[in-house]
Amino acid sequence: MIATVAAVGLGVASRSPALAGAGTVAASTPVVTRAALDPSLVSGRGADVGFVEQEAENAPTNGTIIGPSTAAYTLAAEASGRSAVSLTPGQYVEFTLPAPANAINVRYSIPDAPAGGGIIAPLDVTVNGRQRKTMTLTSQYSWFYNEYPFSNDPNAGPLHPDWWTTECNCVPDATTPAPVFPTPFRPNHFYDEQRLLLGRTYPAGAKVRLTVPAGSNAATTTIDLMDSQLVASPMFDPHAVSVLRFGADPTGRRDSADAFDRAIAFAQRTHLPVYIPPGRFQVDRHIIIDNVTIEGAGSWYSIVFGHQVDLSTPAPDGSVHTGVGFYGKDASAGGSTNVHLSGFAIEGDVRERIDTDQVNGIGGALSNSTIDGLYIQHTKVGIWLDGPMTNLKITSNVIVDQIADGINFHTGVTNSTASNNFIRNTGDDGLAMWSEKGQDANDTFDHNTVQTPVLANGIALYGGTDNAVSNNLIADPIREGSGIQVGSRFGSQPFTGHLWITNNTTVRAGTYELNWNIGLGAIWIYALERSINADIEVTGDNFLDNTYNAIMLVSDYPVKDLYSITNVHFKDIKVDGTGTSVVSARTAGSASFENVQARNVGAVGVNNCGSFHFTPAGSEFSLTDLGGNTGGGTTGPWLAPWELPNTITCDDRPPVVPPPPPSPW
Ligand SMILES: [Ca+2]
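Computed from a predicted structure; not experimentally measured. (Residues numbered from 1 in each chain as written. Predicted model: local features only at pLDDT ≥ 70, side-chain atom pairs only at ≥ 80, totals over all residues. Heavy atoms only, no water.)

Participant: Got a minute to help me understand the overall build of the protein chain in this structure?
Facilitator: Tallying secondary structure elements over the protein chain gives 2 helices and 57 strands in all. Expected size for 665 residues packed as a compact globule is a radius of gyration near 26 Å; at 25 Å, the protein chain falls within 12% of this value. Taking the principal axes of its C-alpha atoms as reference, the protein chain extends roughly 80 × 65 × 55 Å. A buried classification covers 61% of the 665 residues belonging to the protein chain. Once the 37 positive and 63 negative side-chain charges of the protein chain are each reduced to a mean point, those two points are 8 Å apart. (Helix = DSSP H or I, 4+ residues; strand = E, 2+ residues; numbered from the N terminus. Rg over C-alpha atoms; globule rule 2.2 N^0.38 Å. Buried < 20%, exposed > 50% of the residue type's maximum accessible area, 1.4 Å probe, protein only. Lys, Arg positive; Asp, Glu negative; His and termini not counted. Charge placed at Lys NZ, Arg CZ, Asp CG, Glu CD.)

What follows is the structure, given as structure tokens:
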């Protein structure tokens with residue numbers, strides 16, 4: 001859906017029904033949101049990272065509002081709130097600062113080059129009509145095409161003609177005549193973001209206008225949102241050892257990797273911290289870190305950036321590229337310990353997905369360590385840990401524009417926490433625990449915000465023991481993923497002990513699964529490689545504005561008679577809006593429900609297919625009603641007695657009734 005705003009400011013009232021209860025919104029009154037929602041709807045959940053979000057679609061503009069739409073491969077769907085503003089040269093969008101600020105961050109999209117590889121284009125920034133600065137936007141890190149692991153060529157055909165392909169309902173290689181797919185085929189990962197220090201502090205009420213210059217080479221410039229904040233002055237630690245003493249170049253012209261190594265070696269001998277002062281430091285390889293503290297002046301000031309480098313021969317780990325990254329020693333070499341990183345940015349240069357490449361912002365094994373207050377952009381994965389390792393705390397980092405995951409606890413990461421982190425625009429899971437070979441155990445993901453993973457899930461758990469996911473805010477997963485996934489997949493160890501999924505809020509999740517051609521759930525429990533029978537307690541979670549279902553439990557069809565899901569318990573849940581059902585069960589097994597309240601439910605409350613035998617005994621999946629399960633939609637109470645315990649109500653593709661925006665309960 002495309003709506004053109006005829007009068008400046010009209011969009012505010014018409015696009016923000018969720019805010020209607022707050023009173024009439026004047027044209028230039030700033031509309032502050034979190035994940036495109038009224039902040040009161042997500043109070044206490046997600047990260048507090050010190051900036052204020054304003055969606056472009058809520059701001060005065062003479063451009064064109066796109067969306068809202070959840071259709072994958074569209075600009076609108078990958079935007080926060082599934083809506084944005086497209087500007088042609090000469091057009092603007094204007095944000096009124098809701099609080100004093102000296103810095104902004106703009107999430108945007110500009111077109112790709114005709115043959116791929118991206119373009120650069122200008123965007124003017126003025127405050128109260130003055131102080132013009134020009135940002136140089138880029139699409140060099142966006143625009144991927146085709147199937148996994150994706151191509152940068154907008155003219156290429158499917159990468160896997162031997163795969164089942166939904167668009168033709170066929171296997172292209174086995175089909176005569178061979179199907180022809182339009183190009184670009186499955187374009188995605190459209191957005192990027194860029195930070196700008198304004199040079200002084202402006203008061204609340206100042207008007208920050210983003211204008212596409214009349215001569216811009218970008219046919220359209222799409223603005224999704226603007227974050228603003230008051231960035232603190234640079235931190236200086238007089239007791240630390242500056243990398244400048246060892247020859248690092250703060251202008252970024254000379255490579256500073258060797259200088260960083262020398263500073264770290266000195267710091268290890270003298271037991272002093274390493275200091276990265278304000279500046280741009282070029283580092284084109286891994287910096288190995290062990291038993292060292294590295295402090296920057298703040299992530300807006302101390303920037304470590306690098307170029308992607310081709311390796312003449314592949315590294316032992318299979319990498320064919322290297323790039324900027326801070327790496328603990330490999331677990332097989334004992335790993336690293338007592339590493340503390342804070343207050344700087346890591347800006348990579350990764351433009352393609354090569355899963356064997358170690359081109360992550362932070363990697364290796366880091367026990368008894370902390371990572372705090374970093375900004376990580378344009379690496380493959382922000383923080384990819386390969387255990388076994390233990391006791392790592394990852395706090396208050398901003399990780400954006402990644403090729404793959406935001407943070408991944410991979411293989412035997414224990415007693416570790418990721419909390420108060422902000423993750424946006426990952427190309428794969430935002431936060432993941434992947435218990436491959438070794439169990440991730442006693443880990444917690446708490447109070448993080450994860451937005452717009454363009455593929456896969458906001459938070460994903462693949463096996464593990466006694467882990468917790470709590471108080472997170474997860475918004476806008478785009479495709480083949482959910483807000484939260486619990487999956488026996490990717491060769492993971494079994495779920496054992498308990499898994500607590502507590503007090504999280506998802507919004508605009510429950511997406512469409514292209515390969516299955518069905519709708520998912522905002523929480524997706526998936527028994528693909530083994531049964532899931534650990535104690536899974538889903539308590540206090542809110543599932544808002546679910547495109548399809550709120551809750552899905554599924555075993556893939558080829559293994560539906562091998563694996564089941566049991567021992568899952570839902571309690572004190574609020575479901576505000578489902579396009580289809582509250583619960584979709586496509587597996588054998590059972591789950592219990594207590595005080596699961598729902599409203600604005602678009603289809604029958606329980607879509608129960610079981611394991612698809614449809615015998616007179618009913619579905620192979622049973623629901624246990626522990627009371628307090630109230631509310632529903634046009635088809636009646638979501639958990640009506642006639643559905644219990646296992647009435648077959650299977651419908652692969654029920655009509656979707658888009659729910660109204662979430663509102664106070
Ligand atoms: Ca938006």
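Participant: Quick question: what am I supposed to make of the state of the cysteines here?
Facilitator: As enumerated under the stated definition, the model contains 2 disulfides in all. In this model cysteine 168 forms its disulfide with cysteine 170; the gap between the sulfur atoms is 2.1 Å. Taking the sign of the S-S torsion, about -95° here, the bridge from cysteine 168 to cysteine 170 comes out left-handed. Accessibility expressed as a relative area gives 21% for cysteine 168, which makes it partly exposed. Judged by relative accessible area, cysteine 170 falls into the buried class, the value being 9%. Here cysteine 609 engages in a disulfide with cysteine 650; their sulfurs sit 2.0 Å apart. Residues cysteine 609 and cysteine 650 are joined by a disulfide whose S-S torsion is about 85°; by sign, that bridge is right-handed. On the criterion of sequence distance, the pair formed by cysteine 609 in the loop between strand 54 (606-608) and strand 55 (621-625) and cysteine 650 in the segment after strand 57 (636-637) is long-range, its members being 41 residues apart. The exposure class assigned to cysteine 609 is buried, which follows from its relative accessible area of 1%. (Disulfide = S-S within 2.5 Å.)

Participant: How do you make sense of the nonpolar core when you look at a structure like this?
Facilitator: Generally speaking, soluble globular proteins have nonpolar side chains that are buried together. Core analysis: the biggest nonpolar cluster contains 87 residues, and Phe326 and Phe570 have the highest contact counts within it. Apart from residues lying up to four places away in sequence, phenylalanine 570 is in contact with Ile523, Ile525, Val538, Ile551, Ala591, Ser592, Phe593, Glu594 and Val596. The next biggest cluster of nonpolar side chains, apart from the first, holds 31 residues, and it includes Ile104, Val125, Val127 and Val208. (Core = buried A, V, L, I, M, F, W, Y, C linked by side-chain atoms within 4.5 Å. Contact = heavy atoms within 4.5 Å.)

Participant: Help me understand the sheet that holds strand 7 (residues 120-127), please; the structure alone is not making it clear to me.
Facilitator: Within a sheet, neighbouring strands are paired by backbone hydrogen bonds and run either parallel or antiparallel to one another. One open sheet holds the 4 strands; their spatial order is 5-10-7-8, and the pairing between them is antiparallel. Each edge of the open sheet carries a strand with a single partner, namely strand 5 (92-96) and strand 8 (130-138). Across the sheet, the mean angle separating the axes of adjacent strands is 20° when strand polarity is ignored. With 7 bridges connecting them, strand 7 and strand 8 associate as antiparallel partners. Directly across from aspartate 124, in strand 8, lies its bridge partner threonine 134. (Pairing = 2+ DSSP bridges. Axes fitted to C-alpha atoms, helices over the stretch in contact; angles between N-to-C directions.)

Participant: Explanation requested: the pattern of salt bridges in the structure shown.
Facilitator: What the rule picks out here adds up to 21 salt bridges. With a shortest N-O distance of 3.2 Å, aspartate 290 and lysine 329 are connected by a salt bridge. Separated by 39 residues along the polypeptide, aspartate 290 in the loop between strand 15 (286-288) and strand 16 (293-296) and lysine 329 in the loop between strand 20 (325-327) and strand 21 (336-337) bring together distant segments of the chain. Residue classification places lysine 329 among the partly exposed positions, given a relative accessible area of 32%. A salt bridge links glutamate 480 to arginine 479; the nearest nitrogen and oxygen atoms lie 3.0 Å apart. Accessibility classification places glutamate 480 together with arginine 479 in one group, the buried group. Residues participating in the shared-partner salt-bridge network are Arg107, Glu193, Asp224, Asp227 and Arg424. (Salt bridge = Lys/Arg side-chain N within 4 Å of Asp/Glu carboxyl O.)

Function cannot be read off these values alone, since they describe shape.
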